[in-house]
Amino acid sequence: MSQTEAVFWFFAAVSVISAFLCITRRNPVASALWLVNTLFALAAIFILLDAHFIGALQVLVYAGAIMVLFLFVIMLLNLGRDTGTDMLGWAGRIVMLAVGALLATELLVLARVVPDQRFVLPAGTLARITEEQGAVGAIAAPLFRDYLIPFEITSVLLLAAVVGAVVLAKRRL
Amino acid sequence: MPATVGWVWLVLLFPLAGFLANGAISVLRLDAKRAVTTIGVGALVLSFLVAVAVMAGLAGAPADAPYVLSLWQWMPAGRLEIELALQVDQLSAMMLLVVTGVSMVIHVFSVGYMGEDPGYARYFSYLNLFVFFMLVLVLGANFPVMFVGWEGVGLCSYLLIGFWFENEAFANAGKKAFIMNRIGDVGFLLAMFMIFQAVGTLSFIEVFEYAPRAFAIGGTAITLITLALFVGAIGKSAQIPLYTWLPDAMAGPTPVSALIHAATMVTAGVYMVARANVLFAMAPISSFTVAAVGAITALFAATVALKQWDIKKVLAYSTVSQLGYMFMGVGVGAYAAGIFHLTTHAFFKALLFLGAGSVIHALHHAYHHTHSSEEAQDMRNMGGLRKWMPLTATFMWIATLAIVGVPGFSGFFSKDEILAATFARGHEAAAFYVLWAVGVVTALLTAFYMTRLMIYTFHGPNRSGEKEQQHLHESPWVMTGPLLVLAVLAIVGGLINLPAVLPGSGWLHHWLEPVTELSAAYLPEVHLSHSTEWVLLGFATLVAALGIIGAWRLLKPAALKPAREAPEETGIQKVLLNKWYVDEIYDTLIVRPIMWVSENVLWKVIDKGIIDGFGANGSANLARAMGWLGSRLQTGYLGTYVFLFVLGALILLRVVTGWEL
Amino acid sequence: MWPVIDLGLPGGVALALLPELVLTGCALCLTILVAWRHRSEEDQLLVGYLAAVGLVLTAAVVVVFWVSDVRAGGLESMIALDGFRYLTDLIVLLGALLTVLLSLGYLGRERILVPEYFLLLLYATVGMMFMGGGADLIVIFLGLELMSVSVYVLAGIDRRSVFCAEAALKYFLMGAFASAFLLYGIALIYGFTGTTNLGLIYVQTATWVFQENTMLLIGIGMLLVGFAFKVAAVPFHMWTPDVYDGAPTPITAFMAAAVKAAAFAAMLRVLLEALGPVTVVWTEIVWWLAAITMVVGNLVALAQRNLKRMLAYSSIGHAGYLLTAVASGTDFGAGAFLFYAFAYTIMTMGAFAIVAAAGRRGERDLRVEDLNGLAKRRPWLALAMMVFMLSLLGFPGTAGFIGKWYILSAALEAQNGLLAVVLVSTTVISAGYYLPVIMAMFMKPPASDDAHEHVTVTGAARWVVAATAVVLLVLGVWPGPAMDVAGQGGRDLRPSVMITVSK
Amino acid sequence: MLLGPSLGLSAVLFSLGVAGVLFRRNAIVIFICIELMLNAVNLSFIAFAQQLGRSGQVIVFFVMAVAAAEAAVGLAIMIAIYRHKDTIDVREINLLRG
């Protein structure tokens, strides 16, 4: 087991455990924080997979901004207090986890799938590009060239979301 | 194409324009009764005149028929290209005349009958629309266009049955008619798709031309197709088991019953079988099924008619029974005979319904004057009406003699031809003799229940009440006039196809030959010797006479009580003292059991109980129950929804990966 | 020869996106206007009218593109330039326009004073246009999200109504959940083919030798789950009745017509243009989805007394009919979809227009009985409603019949005979819930003397009702040109190479 | 080569998210679980990107934007429903049913 792999498995374990805690903690605040923990672990894995910029974004945007919004709303609605569980009973929990396990077995075959070698880049290509263009440049080039249209759609999407959120959440009717 | 045949689209245009104009008047709530009458009746008169011209044009140059008048490309989808095209040939021209002619007469009658109805304009607009769709059905040059008419007449029938919408039961009857028709339509549609799969086209000319090459005689494909088509016919023409809507449909105005539920729409199934005669001739099993279902329906409906008190119900079951005859005719391959009976039936049954309408109209008015809430359609409230309504009584007697099959009247010839054709095929299989026997028994019952209807309505003492009698009077000329026209037709209608043993024989038979000759190759050559035919004619006469005389002698209108004081059908006590002691034995041993079975077993148990309860309503209730169950699943809880979503996704993933991992 | 746009050049891309750009531009201008004037009812009406103008303008641009038959020059691109895109655009633009016209009166009556309503409608429409025109899974996904996010908000736009809020919450949670499945599918297909471009996926799947293909299969499965949710196919339909019921009526109409049409368009484009070589894999699934959806949608609709809910289930049934077109797996089916989507948009808009008109302010439950005797008081409205019901039922002489005929032809051509039988049979079932509406209007007496006094159809909505009813009848009798156009549009999705692959 | 393990991890995290959605009843926690699912998908994209090229990473960038947009709208919807019902427990939000 190489060093990279060891690091990968460590963070994989962290992310799975945090995810499990995230879905089973009774308090929404705890859930949100365990999700943040999962996100951190995933950010580390992203970096292992040569996605440095995305790893940074994961921490900054996802864990830093989006999850803070979650926490903010949980606090706003005062859901942090410990009042009863929102989970199903034990039987329900077991059934649902079983359904999840069923789905997992269905999907786990993916771990054994090898992509068509014709499309696979030579090993280390991505690392080399990152080396040459910098972590940001490696993303920026395709983002603003090949993916210009999706990028622009994203801007409209965010605008629509802002308008929508304002309409729904503003106090005055 | 003769010039006049090219005008055939005008036949459609006039009723459609009439519908639009009267519909607009109705929706705008204009008070323009005179205009409504002019438009509604005028459209039909014009239509009839064009139909006559088309017929004349076709008669002038019949050799080139069928003529196809293509209006425009209707559905240009892929290989299934459908043209909006009309086909004029001997069969459709004949139907054209019958439909426009009878409709015209009934429109005139309606002017009097519906004169005081607040929905006058609406009524005429529906009626015109119905005629339009009926003509589309008749004239369509391919199955889809025929289907448009097929569905359209169903819709109009639905609207007209529920015309007097203040009554919940009426509206339900309309719905039942529509849904039963739709069940039949599934058969029609499936047949259409199967034909398309096999032949690659849906236009009549091409399908019938290619059919011999596309299908094996008696093969599975052709049998399935024709059976599916027949399911369609069953729904539309009220045969077992989809017939219960027709008696219920009597909730509509009486002229509607005459036009739609006797003369035209319900015969569409017969027309369709005759139209597709090649297909049916190639499928002997289906043909026999048609004949057998027809025969059974004929007998069954006739027995049920024996004991009905509602005058329109008797006529309704009678219609179902006569339609059975027609199916028997087309089922045994006597397509011309089937169309012949269709034509004569249109005359005499329309006459019977209009006559009944005239009676109901009179009685209704009488009860209206005295503010009585008696049932104007119950025969127990009638009796002796010939004193007040001599014209109606005469005309209805003519129609009765026609339907019973008294020699010289139209029904005699058409019914005889069907029975003779069935009998003639007896040497092939004994089953045809059975069918023939069923037909003869039905004829006997027909004679009986029709005479019963006449006796209870027009003879014996009057039971409508003292005060009411002063208000009874004959209907106005606008109603009796149409009766006169139909009465003439009911007498002379048989002339168009006199049987072979009489001179001038078989005009209709020869006229329809271009249409029916396609199937002739697949049907056995049948010949009856003249002596056999004379025997059959004589036998039919005897049966008719027996039925009439039997009813006349056995039924005692004098003993009947009006509906309001009618006892529960037990009152034969005093009758036993009657001098016709032998009659009473017969009465007890034969007539009463049959009557009892008719009412208690056939009508109450089978008709109302089994077929209505389990068949039509049952399946509707099942569907509703399943819908309710599905609705319960919609709990409103997000958890349920997500759970079902995930289950669905799991199954989907399993299917997509081929159930194996 | 048609004009060619080179998508390799930045100018070419901008030109190819002109319809979307025009609409986005209108939406942005209106956003500024709304930020500045959003207080009075007049402001709201002004924004509404301007939104309608923007939609018409965009439609005009699309029509110009379509008439001049603009085609793409490059190979790989994010956006498709074909008839299918233009026709889908026109359908969703029509749906949005009718929604705006319906809303003008409705919002006033319900006192929903939110001019942003029209903005979100425009944003959602932009998203739909990207769904119909995207030639890349990412564009389609983002278009879908843009549409969804806007519609989530629209479903809950009436903040005084708890029902609205509940509808929005259910729609949002289920929608986000389904989006994750869709995204997973995209990821797997990307992993399998190395691209998200539809054309390239086609090439890869066509030339790839099938051996260990689980990734592609699961990817297709996940993709289908995502689309099945958006088109409300059983068993992914559970949100539909609740959301349709709770949302403001014009939005319900918008969801039933335009949102569904856009989702179907995207689904068809992905399945035919990208996954054409593996048709056998997905037709089987879509076949089952179609059959179950038709049966369940129509059966459950029978049990409904609430008109809006009944129409919601009926729209599920209609999704089943459209899935039948998809299940044929051919460009002919795509043509059938285009025609039926157009017809369905029109009839469902008309029907909801009347539902909106017949309801009272603040009154949520409009039952079938509430229409009793409508024909006596409002004959024209009743007549129009009858046309809509008959068309939904698929009655000959209306556009609904032609559409069903088209779908049936497609199913038969693809040897899906059994599915055709299911379609015909479920249509019979549907008579059981469309007919009572007609019966109530024409054959039952009004509940009271002043019943239907409140039924008001404002100017714009009146035109919507009249125009939709007339169009339905005209299309029923003379559908030729429309069917030709639809067929042409469908053929644009025809895969360039046909390779059959055994599973 | 970490592709296989990454895809496996992604599958597990996705399934955990689905299970969470299935047995949680608090709307915000359900939404948190959906975010978990989205992140699992992101991991797949990143893993593929290492083999197939940068576009996978760009897509993740878009997914983050989508997640942000959904979060804004979704949380606003939750605030809206909380104003009406004083709870965001989906067990108590079932006025619409049948």
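Predicted, not measured: the structure shown is a model, and the values here were computed from it. Numbers given for residues are sequential positions, taken from 1 along each chain in its written order. Each chain takes a letter, starting from A, and each ligand takes a number, starting from 1, following the order in which they are written. Residue-level local features of this predicted model are given only where pLDDT is at least 70; pairs of side-chain atoms are given and counted only at 80 or more, and the full residue set underlies all totals for whole chains, interfaces and linings. Here the side-chain values reflect all heavy atoms present in the structure, with hydrogen atoms and water set aside.

Draft legend 1. The overall build of chain C, seen in detail. In this description a helix means any DSSP run of H or I spanning at least four residues, a strand means any run of E spanning at least two, and both kinds are numbered starting from the N terminus. On a plain count of helices and strands, chain C comes out with 20 helices and two strands. Seen through its principal axes, chain C has C-alpha atoms that stretch 75 × 55 × 45 Å. Only protein chains enter the accessibility calculation, which uses a 1.4 Å probe; a residue is then buried when its area is under 20% of its type maximum, exposed when over 50%, and partly exposed in between. Taken across its 503 residues, chain C has 75% of its residues classed as buried. Throughout, a contact is declared for two residues whenever any of their heavy atoms are within 4.5 Å. Long-range contacts, defined as pairs at least 24 residues apart, comprise 83% of the intrachain contacts of chain C with a sequence gap of at least 6. Note that accessible areas follow from Shrake-Rupley with a 1.4 Å probe, and for residues the cover is restricted to the protein chains shown. When the accessible surface of chain C is summed, it comes to about 13100 Å², and 66% of that surface belongs to carbon and sulfur atoms. Asp and Glu count as negative and Lys and Arg as positive, but His and the ends of the chain are not part of the count. The atom standing in for a charge is NZ when the residue is Lys, CZ when it is Arg, CG when it is Asp and CD when it is Glu. Each charge sign in chain C was given a centre, from 28 positive and 31 negative side chains, and these centres are 8 Å apart.

Draft legend 2. Representation of the interface of chain C and chain A within the structure. Each side of the interface is counted separately: chain C has 42 residues, and chain A has 29 residues. Two parts lose some accessible area (1.4 Å probe) when they are put together, and adding that loss for both gives the buried area. Across the chain C/chain A interface, buried area totals approximately 3000 Å², and carbon plus sulfur atoms make up 78% of it. Taken as a group, C:M78, C:L142 and C:R159 account for 21% of the area that chain C buries against chain A, more than any other trio of residues on that side. In the sections that follow, a salt bridge refers to a side-chain nitrogen of Lys or Arg positioned within 4 Å of a carboxyl oxygen of Asp or Glu. At the boundary of chain C with chain A, the tally comes to zero salt bridges. We define a polar contact as two N or O atoms separated by no more than 3.5 Å, with the added condition that, inside protein, one atom must be a possible hydrogen donor and the other a possible acceptor, whereas residues neighbouring each other in sequence contribute only through side-chain atom pairs. Linking chain C with chain A are one residue pair in polar contact (both at pLDDT 80 or more). The element contributing the most residues to the side of chain C that touches chain A is helix 6 (residues 137–155) of chain C, with nine residues. Residues belonging to the side of chain C that touches chain A are distributed by class as follows: 24 nonpolar, 13 polar and five charged. Residues are grouped as follows: nonpolar covers Ala, Val, Leu, Ile, Met, Phe, Trp, Tyr, Cys and Pro; charged covers Asp, Glu, Lys and Arg; every other residue, Gly included, is treated as polar.

Draft legend 3. Representation of the interface of chain A and chain D in the model. Between chain A and chain D, the residue contacts involve 79 residues of the former and 66 residues of the latter. For the pair chain A and chain D, the summed buried surface comes to about 6700 Å²; carbon and sulfur atoms form 78% of the total. Summed over the shared surface of chain A and chain D, the result is zero salt bridges. Run the count over chain A and chain D and you get 13 residue pairs in polar contact (both at pLDDT 80 or more).

Draft legend 4. Expanded view of the packing of helix 26 (residues 638–656) of chain B against helix 7 (residues 162–193) of chain C. Here an axis means a line fitted to C-alpha atoms, over the contact stretch when the element is a helix, while the angle between two N-to-C directions is reported on a 0 to 180 degree scale. Packing of helix 26 of chain B against helix 7 of chain C leaves a shortest axis separation of 11 Å and a crossing angle of 20 degrees. Judged on the interaxial angle alone, helix 7 of chain C and helix 26 of chain B are roughly parallel. You can see that helix 26 of chain B and helix 7 of chain C cross each other, and the crossing is right-handed. Side by side, helix 26 of chain B and helix 7 of chain C meet where B:L638, B:Y641, B:V642, B:F645, B:V646 and B:A649 of the first sit next to C:K170, C:L173, C:M174, C:F177, C:A178 and C:F181 of the second. Looking at side-chain class alone, the contact of helix 26 of chain B with helix 7 of chain C contains eleven nonpolar, no polar and one charged residues. Relative orientations are named as follows: roughly parallel for angles under 35 degrees, roughly antiparallel for angles over 145 degrees, roughly perpendicular for angles from 65 to 115 degrees, and oblique for any other angle. Definitions for this section: a left-handed crossing has its near helix turned counterclockwise from the far helix by less than a right angle. A right-handed crossing has that turn clockwise.

Draft legend 5. Focus on empty space enclosed by the protein. For cavity detection a 1 Å grid was placed over the protein atoms alone, and a set of points counts as a cavity when a 1.4 Å probe fits there but cannot get out; an open set counts as a pocket when protein lies on both sides within 12 Å along at least five of seven lines, with lining residues being those that have an atom within 4 Å of a point. Grid points are joined across faces, edges and corners, and a volume is the space filled by probe spheres set on the points. Tallying each qualifying case throughout the model produces ten cavities of 30 Å³ or more. Computed from the structure, the largest cavity encloses a volume of approximately 140 Å³. Taken together, 15 residues make up the lining of the largest cavity; nearest its centre are B:R182, B:L189, C:G394, C:V424 and C:T427. Among the elements of the structure, helix 6 (143–161) and helix 7 (168–199) of chain B together with helix 17 (399–413) and helix 18 (417–443) of chain C are those that each provide at least two residues to the lining of the largest cavity. When its residues are assigned to classes, the lining of the largest cavity shows nine nonpolar, two polar and four charged.

Draft legend 6. Region of interest: the packing of aromatic side chains. Geometry of aromatic contacts follows a simple scheme: Phe, Tyr and Trp rings, the Trp one being its six-membered ring, pair when their centres are within 6.5 Å, and the pair is stacked under 30 degrees between planes, edge-to-face over 60, tilted otherwise. Summed over the entire model, instances satisfying the criterion amount to 52 aromatic pairs over all chains. Consider the rings of C:Y152 and C:F172, whose centres lie 5.3 Å apart with planes at 90 degrees: the pair is edge-to-face. Taken together, the positions of C:Y152 in helix 6 and C:F172 in helix 7 put the pair 20 residues apart, joining distant regions of the chain. The two residues C:Y152 and C:F172 agree in class, both being buried. The ring of A:W90 has A:R93 sitting right over it, with the charged end atom 4.3 Å from the ring centre. The criterion for a charge sitting over a ring is simple: Lys NZ or Arg CZ within 6 Å of the ring centre, and within 35 degrees of the ring normal. Over the ring of B:W309 we find B:R452; its NZ or CZ atom is 4.8 Å from the centre of that ring.

Draft legend 7. Fine view of the confidence of the model for chain C. Residue and element names in this part refer to chain C. The predictor attaches a confidence to each residue, called pLDDT, with possible values from 0 through 100. Per-residue pLDDT for chain C averages 88, and the proportion of residues at 70 or more is 96%. Within the model, the stretch residues 497–503 combines pLDDT values under 50 with eleven contacts to residues more than four positions away or in other chains. Here the complex is predicted with pTM 0.90, and the ipTM for its interfaces comes to 0.94.

Draft legend 8. Expanded view of the pattern of salt bridges. Here the structure, examined in full by the defined rule, presents 20 salt bridges over all chains. Salt-bridge contacts for B:E428 lead to B:R425; the nearest nitrogen and oxygen are separated by 2.8 Å. The class for B:E428 is partly exposed, based on a relative accessible area of 38%. Since its relative accessible area comes to 12%, B:R425 is described here as buried. Between C:D82 and C:R269 there is a salt bridge, with its nearest N and O atoms 3.0 Å apart. Separated by 187 residues along the polypeptide, C:D82 in the loop between strand 2 (71–72) and helix 4 (83–110) and C:R269 in helix 11 (residues 249–274) bring together distant segments of the chain. Both residues of the pair, C:D82 and C:R269, belong to the buried class. By sharing partners, the salt bridges in this structure join C:E166, C:K170, C:D242, C:D245 and C:R309 into a single network.

Draft legend 9. Quick peek at the packing of helix 6 of chain C against helix 3 (residues 55–85) of chain D. The interhelical angle for the contact between helix 6 of chain C and helix 3 of chain D, taken along N-to-C directions, is 10 degrees, at an axis separation of 10 Å. When the axes of helix 6 of chain C and helix 3 of chain D are compared, the pair comes out roughly parallel. Contacts between helix 6 of chain C and helix 3 of chain D involve C:I138, C:F141, C:L142, C:E145, C:V149, C:Y152 and C:V153 from the former and D:I59, D:F62, D:V66, D:E70, D:V73 and D:I77 from the latter. Along the lines of polarity and charge, the residues of the contact of helix 6 of chain C with helix 3 of chain D split into eleven nonpolar, no polar and two charged.

Draft legend 10. Representation of the domain arrangement of chain A in the model. All names here are of chain A. Segment limits for the domains were obtained from an automatic or database-derived domain assignment. By the assigned domains, chain A splits into domain 1 (1–87), domain 2 (89–119) and domain 3 (122–173). Computed from C-alpha atoms alone, the centre-to-centre distance between domain 1 and domain 3 is 21 Å. Listed per partner, the contact involves five residues of domain 1 and six residues of domain 3. Area buried by domain 1 at its contact with domain 3 is led by D50, H52 and F53, which between them contribute 89% of it. The tally of links between domain 1 and domain 3 comes to zero salt bridges. In this assembly, domain 1 and domain 3 are joined by zero residue pairs in polar contact (both at pLDDT 80 or more).

Draft legend 11. Examining the nonpolar core more closely. Side-chain atoms within 4.5 Å link the members of a nonpolar core, which is a set of buried Ala, Val, Leu, Ile, Met, Phe, Trp, Tyr and Cys residues. Within the largest apolar cluster, 566 residues are counted, with the highest numbers of intra-cluster contacts made by C:L173, C:L275 and D:F14. Looking at this core element by element, the count peaks at 22 residues for helix 7 of chain C. Of all hydrophobic cores here, the second largest spans 23 residues; its members include B:I418, B:A420, B:A421 and B:A424.

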